[in-house]
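An overview of the molecular structure
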Amino acid sequence: MKTLTEQEKQALWEEVCKEFPDDRTVQEVHFARLVHHETLRGLPDSDKIEFYRQAGKRHPKTADTH
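Figured I'd write up the structure that's included with this text. (Residues numbered from 1 in each chain as written. Predicted model: local features only at pLDDT ≥ 70, side-chain atom pairs only at ≥ 80, totals over all residues. Heavy atoms only, no water.)

**Topic: the side chain of Q27**
Secondary-structure assignment places Q27 in helix α2 (residues 24–40). With near-sequence residues (within four places) excluded, Q27 lies in contact with W13, V16, C17, F20 and P21. (Helix = DSSP H or I, 4+ residues; strand = E, 2+ residues; numbered from the N terminus. Contact = heavy atoms within 4.5 Å.)

In structure tokens:
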């Protein structure tokens, strides 16, 4: 799993703000999606699935119950 630098995160944030200039909520959601996408880039699907399963365990109210 890749760790993004602050410079990379800043570039993603700037991209998001250009795409959604008037909606902070959408900016936040899209930024999180992009960070996950970049962090998990190149990993096998099984590792990506495990990442999200672990995230669900850290946040049980939003975890998939299946």
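**Some points on the side chain of H30**
The residue H30 is located in helix α2 in this model. Ignoring any residue separated from it by four or fewer positions in sequence, one finds H30 in contact with V16, E19 and F20.

**Remarks on the environment of G42**
Residue placement: G42 occurs in the loop between α2 and α3 (45–58). Distance in space between the C-alpha atoms of G42 and M1 is 8.5 Å, their sequence separation being 41 residues.

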